[in-house]
Every structure is written in C-alpha cells, then in structure tokens.
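Fold and geometry: a report
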Amino acid sequence: MTLATASWHWLTRFGESGIVIPMALVAAAWWWWATPSRRPLFAWLLLLGSAAFLTLVTKVAFMGWGLGIVALDFTGLSGHAMLAAAIYPVLARTLASPAAVPPRWAIAAGYALAVVISLSRVVIGAHSVSEVVLGFAVGGTASLVALMLETRHPPPLPKHWLVLGLAGWLTLMPVVAAPSGTHGMVQRLAKVLSDRDSLYTRADLHRLRQPG
C-alpha cells in the first residue's frame, strides 16, 4: 500500500460511526447540561437520527431486495459521508470559542473535513460518487438546520477539558480503534428482513438490469 493510499484509508476512518457518534453524544450531553437553549440540540439529534435511519433503509433495501439505481451506480447512501456532514460542522461550532475562532470559520472547517472524508470513500472504492454526494446532502441538511437554529440559541461556551478530550479521541481512535462493525450489522439485518442467504452486491445492480 502506497503512502497516498494509506492516507486515504486513514482519512476515511474519521467518518466511522464508532468514532464520530461518541463525540456527538458527548457534545450533546455537554450542551444539555450547560445551557437551557436546547432547541437546536433537539433538532440536530432528531435530524441526525432521521438521516441515519434513511441511510439504513437505502442500504437494507439494496442488500436485501436489490433496490438500487443503476444509472447512478447507487446501492445506498454513504454512512461515512452522512455522519461526517451531519456531525463535524455542529461539533466544530460547539467546540470553538467565539473569542478565538469565528463561528463561520469553525463551521466551514467542519464541512471541509466532511468533504475530505466523503471524497475518501470514492478514492478507496467503498462508494460511488452518487452515494457519497447524496449521503453528504442528507447529513449536511441535518447539520445546516441545527446551525440555522443555533444562530438564535448559541451553544454553551466550551471548556478546555472538553476540547482537549475530544481532540485526543479524534487523534487516537482512527489509529488504534478496531474498525466499526456497523456494515456487518446492516448485512445481518438485511438477511433477516429479506430472508435471503446471500445479499445483493454492486455487481448484481448492473447485471440484473442489463437488457435481455
């Protein structure tokens, strides 16, 4: 594996559910505890959960029943792209001190990181362009709505221990953590719901829809 390839595989780990969801829950708990302005938090969590559910549905629908879009090479929303776009902008805004980093810069940095993570999914061959773009759009919508509400209900000022703790987590986990097992869980769910022994693959998407 070349250095460039290894770098993309390292970057893609920043979108794994086992790494980003714990950070989102810690940030949400801090927001809940530190301020009564919880409307953006509720909206974010609701939209994040809805985006995750939609992503799951598209994946199970293809794996279990072969429901995809051959013209777009689409077999389900990219979970990495969705989670990155839904979480990192809000997380960056929550952790950034307005006195040190303008909120717009923090939000832009969060979306920029989400774009890089999304791109990594295409580069390493895990997803097609359509799956990444649509996953990013779904997750980005969730974070954008929460951030629009946040302009009227700002998050609590971050504490140094919170920033350092999450920064340490984000630095270490992509290197030392075992790969998240969510893909295997989705596969097992698709098998149970569809009552199939073997699941549909991307190759099936194109083969089953060839004329004749």
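Figured I'd write up the structure that's included with this text. (Residues numbered from 1 in each chain as written. Predicted model: local features only at pLDDT ≥ 70, side-chain atom pairs only at ≥ 80, totals over all residues. Heavy atoms only, no water.)

**Brief notes about the packing of aromatic side chains**
All chains considered together, the criterion is met by five aromatic pairs. On the numbers, 5.6 Å between centres and 40° between planes, the contact of Trp30 with Trp33 is tilted. A residue pair is termed a helical-turn pair when its members lie 3 or 4 positions apart in one helix, as Trp30 and Trp33 do in helix α2 (residues 17-34) at three residues. With centroids separated by 5.8 Å and ring planes inclined at 85°, the aromatic side chains of Trp30 and Trp161 adopt a geometry described as edge-to-face. Here the residue Trp30 occupies a position in helix α2, and Trp161 occupies one in helix α7 (residues 160-176), the gap between them amounting to 131 residues. By relative accessible area, Trp30 is classed as buried at 6%. Judged by relative accessible area, which is 58%, Trp161 ranks as exposed. These aromatic residues form a ring-pair network of at least three members: Trp30, Trp33 and Trp161. If you follow Arg38 out to its NZ or CZ, it ends over the ring of Trp32, 3.9 Å from the centre. Against the face of Tyr200 rests Arg196, its NZ or CZ located 4.2 Å from the ring centre. (Phe/Tyr/Trp six-rings, centres within 6.5 Å; stacked < 30°, edge-to-face > 60°. Helix = DSSP H or I, 4+ residues; strand = E, 2+ residues; numbered from the N terminus. Buried < 20%, exposed > 50% of the residue type's maximum accessible area, 1.4 Å probe, protein only. Lys NZ or Arg CZ within 6 Å of the ring centre and 35° of its normal.)

**What about the layout of surface pockets?**
For the largest pocket, the calculated volume is near 920 Å³. In this structure, the largest pocket is lined by 35 residues; those nearest its centre are Lys59, Gly79, Thr182, His183 and Val186. At the level of elements, α2, α3 (39-65), α4 (79-95) and α8 (182-194) are the ones that each hand at least two residues to the lining of the largest pocket. The element contributing the most residues to the lining of the largest pocket is α3, with nine residues. Counted as a void, the second largest pocket has a volume near 180 Å³. Elements represented by at least two residues in the lining of the second largest pocket include exactly α4, α5 (103-123) and α7. (1 Å grid on protein atoms, 1.4 Å probe; cavity = no way out; pocket = protein on both sides within 12 Å on 5 of 7 lines; lining within 4 Å. Points joined across faces, edges and corners; volume = space filled by probe spheres on them.)

**A short note on α4**
For the α-helix, the turn length of 3.6 residues means that residues three or four positions removed from each other point alike. Helix length check: α4 (17 residues) gives 23 Å between terminal C-alpha atoms against 24 Å at 1.5 Å per residue, within 8%. In α4, a bend of some 25° at Ile87 exceeds every other bend along the element, and Pro89, a proline, comes one to four places later. For α4, a buried count of 16 out of 17 residues is recorded, marking the element as mostly surrounded by other parts of the structure. (Expected span 1.5 Å × (residues − 1). Bend = angle between axes of the 7 residues up to and from the residue.)

**Remarks on the packing of α2 against α4**
Contact geometry for α2 and α4: axes closest at 10 Å, N-to-C directions at 40°. With respect to their mutual orientation, α2 and α4 come out oblique. Where α2 crosses over α4, the handedness of that crossing is left-handed. Counted together, Ser17, Val20, Ile21, Met23, Ala24, Ala27, Trp30 and Trp31 of α2 and Leu83, Ile87, Tyr88, Val90, Leu91 and Thr94 of α4 form the full contact between these two elements. The class makeup of the residues in the contact of α2 with α4 is 12 nonpolar, two polar and no charged. (Axes fitted to C-alpha atoms, helices over the stretch in contact; angles between N-to-C directions. Parallel < 35°, antiparallel > 145°, perpendicular 65-115°, else oblique. Left-handed = near helix turned anticlockwise from the far one by under 90°. Contact = heavy atoms within 4.5 Å. Nonpolar A, V, L, I, M, F, W, Y, C, P; charged D, E, K, R; others polar.)

**Looking at the environment of Arg202**
Here Arg202 is to be found in helix α9 (residues 202-207). Given the relative accessible area of 28%, Arg202 is considered partly exposed. Each C-alpha atom, one on Arg202 and one on Pro155, is 42 Å from the other, the two residues being 47 residues apart in sequence. Leaving out residues up to four positions away in the same chain, Arg202 has contacts with Phe62, Asp73, Thr75, Ala126, His127, Ser128 and Glu131. Only 3.0 Å separates the side chain of Arg202 from the backbone oxygen of Asp73, close enough to count as a polar contact. Separated by 2.9 Å, the side chains of Arg202 and Glu131 make a polar contact. (Polar contact = N/O pair within 3.5 Å; in protein donor to acceptor, adjacent residues only side chain to side chain.)

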